[in-house]
Amino acid sequence: MRLWQPAGRTPPKPTHRRTLPVRHERTAPVGRTCSLGTGPLRVCDPAPRRSATMAVMRHPASVPVAAEASPSPPATSRSVEDFLAAGQRHNTRRSYASAVQHFESEWGGLLPAAPDAVARYLAHYAGALSLNTLRQRLAALSRWHADHGFSDPTKAPVVRQVFKGIRTVHPQQERQARPVDLGHLQAVDAWLRQAQADAAVRGDQAAALRHARDRSLVLLGFWRGFRSDELTRLERRFVEIAPGRGMSCFLPHSKTDRLGQGQTYKCPALSALCPVEALSAWLALSVEKTDGPVFPAIDRWGRLGDEPMAPTSLNLILRRVLEAAGVDAAQGFSSHSLRRGFASWARDSGWDIKELMAYIGWRDMKSALRYMDISGQDLQQRFERALAR
């Protein structure tokens, strides 16, 4: 079959495309030099070879390459947020969150905040909130802005001046808990011993466990000068007891341990009101718990919990046993009373301030002096001795 061709034209001749031979040039290795007669010449890097990945990108079907799966994290790995949360004390994290929520929800503030907004917030709650509470709110707002990469409005001159004015217009005397002295300690120890014996006689195992735990809490909290959260965070695996000699316990982190290096605390065995004997008796009664917190919560049936008791419950326990032991105005005591009581006893016993700071773990001299009180009776005796000379 012939194709139609226009008149006067001849069909073009077929052309054959010639394939030129490929010239293979020798290249010197990378970094080597070759001589061309006029001096050394550094050869450029040769063209990179195509990898299997590049081949797949150009010809997906020609070179089958198995896709490499990214390594999955181990099942026990934790996120960055977990370690950030672990780097801050739970009580601090909770109080800061509450303070920020109060600024946003209760007062209607916006974050990030301007210095003028923080100053108006302080002025709004001046007199209604204590100076310590306002100071804690400022610390929480400062931490929020630092964590989110904003400038700190609480350091502005207007905020500092407003807070100074609030202290002038609304002066407040700092309230401190009453210190527990040796007389209180003896009364509480005697009552808890008798209450534990009575509970054992009537077969009340839950009450016997609770009295033994509370006795160990009070004696160890006094003679070791622990805070309430330090007492409740003690773990059995970190406690070593040498009967008749003393004990040691390790705390992985505490309020004064900013770097989280942990610290070992020691306490000697005493002839009376002995914390080592009280702790040994408590651990012997709660032998069913070989691991976990030293002072767990106890339910109404006498079962020991897996979680430590709440630090705030120590206030209620101390006031209850002081009142049961016949101490007047027991509601004026708190968990700080044990720490302040030991500091006052150590001062009256002739301890040096450096020895006391090293034993309890204080880093700041001002913090140590806040816990050391001079009773009115001791002050009167000093004046009378001076007048008698």
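As a reminder, the structure under discussion sits directly above these lines.
Residues numbered from 1 in each chain as written. Predicted model: local features only at pLDDT ≥ 70, side-chain atom pairs only at ≥ 80, totals over all residues. Heavy atoms only, no water.

Across the junction of leucine 111 and proline 112, the peptide omega takes the value 0°, indicating a cis bond. You can see proline 112 is positioned in the loop between α3 (90–106) and α4 (115–124). Phi is positive for alanine 329, close to 50°, though the residue is something other than glycine. Structurally, the position occupied by alanine 329 is in the loop between α11 (313–324) and α12 (336–348). Residue classification places alanine 329 among the exposed residues on the basis of a relative accessible area of 55%. (Helix = DSSP H or I, 4+ residues; strand = E, 2+ residues; numbered from the N terminus. Buried < 20%, exposed > 50% of the residue type's maximum accessible area, 1.4 Å probe, protein only.)

Overall, the coordinates contain 16 aromatic pairs when judged by the stated rule. Here tryptophan 144 and phenylalanine 150 contribute two aromatic rings whose centre-to-centre distance is 6.0 Å and whose plane-to-plane angle is 5°, an arrangement assigned as stacked. By relative accessible area, phenylalanine 150 is classed as partly exposed at 40%. Following the ring pairs from residue to residue traces out a cluster consisting of Phe222, Trp223, Phe342, Trp345, Trp351 and Tyr359. Directly above the aromatic system of tyrosine 359 lies the positively charged group of arginine 224, at a separation of 3.7 Å from the ring centroid. (Phe/Tyr/Trp six-rings, centres within 6.5 Å; stacked < 30°, edge-to-face > 60°. Lys NZ or Arg CZ within 6 Å of the ring centre and 35° of its normal.)

Where helix α7 (residues 182–201) meets helix α8 (residues 205–224), the closest approach of the two axes is 8 Å, and the angle between their N-to-C directions is 160°. When the interaxial angle is binned, α7 and α8 end up roughly antiparallel. With respect to the hand of their crossing, α7 and α8 are arranged in left-handed fashion. Between α7 and α8, the contacting residues are Leu182, Leu185, Val188, Asp189, Trp191, Leu192, Arg193, Ala195, Gln196, Ala199 and Ala200 on the first element and Ala207, Ala208, His211, Ala212, Asp214, Arg215, Val218, Leu219, Phe222 and Trp223 on the second. For the contact of α7 with α8, the per-class residue count stands at 15 nonpolar, 2 polar and 4 charged. (Axes fitted to C-alpha atoms, helices over the stretch in contact; angles between N-to-C directions. Parallel < 35°, antiparallel > 145°, perpendicular 65-115°, else oblique. Left-handed = near helix turned anticlockwise from the far one by under 90°. Contact = heavy atoms within 4.5 Å. Nonpolar A, V, L, I, M, F, W, Y, C, P; charged D, E, K, R; others polar.)

Next up on the list: the side chain of arginine 213. With respect to the helices and strands, the residue arginine 213 is situated in helix α8. A distance of 3.3 Å separates the side chain of arginine 213 from the backbone oxygen of proline 296, its partner in a polar contact. (Polar contact = N/O pair within 3.5 Å; in protein donor to acceptor, adjacent residues only side chain to side chain.)

Attention now goes to the environment of phenylalanine 150. Structurally, phenylalanine 150 can be placed in the loop between α5 (131–147) and α6 (157–169). Along the chain, phenylalanine 150 and proline 112 lie 38 residues apart, while their C-alpha atoms are 7.1 Å from each other. Discounting residues that sit within four places of it in the chain, phenylalanine 150 has contacts with Pro112, Trp144 and His145.

Attention now moves to the state of the cysteines. Applying the stated rule across the entire model yields 0 disulfides. The closest cysteine sulfur to the non-disulfide-bonded cysteine 249 is located on cysteine 267, 8.1 Å from its own sulfur. A residue is classified by how much of its surface remains accessible, and cysteine 249, at 2% relative accessible area, is buried. Of the cysteine sulfurs around cysteine 267, a residue in no disulfide, the closest is that of cysteine 274, at 7.4 Å. For cysteine 267, a relative accessible area of 4% gives the class buried. (Disulfide = S-S within 2.5 Å.)

Treat this as a map of the structure, not an account of what it does.
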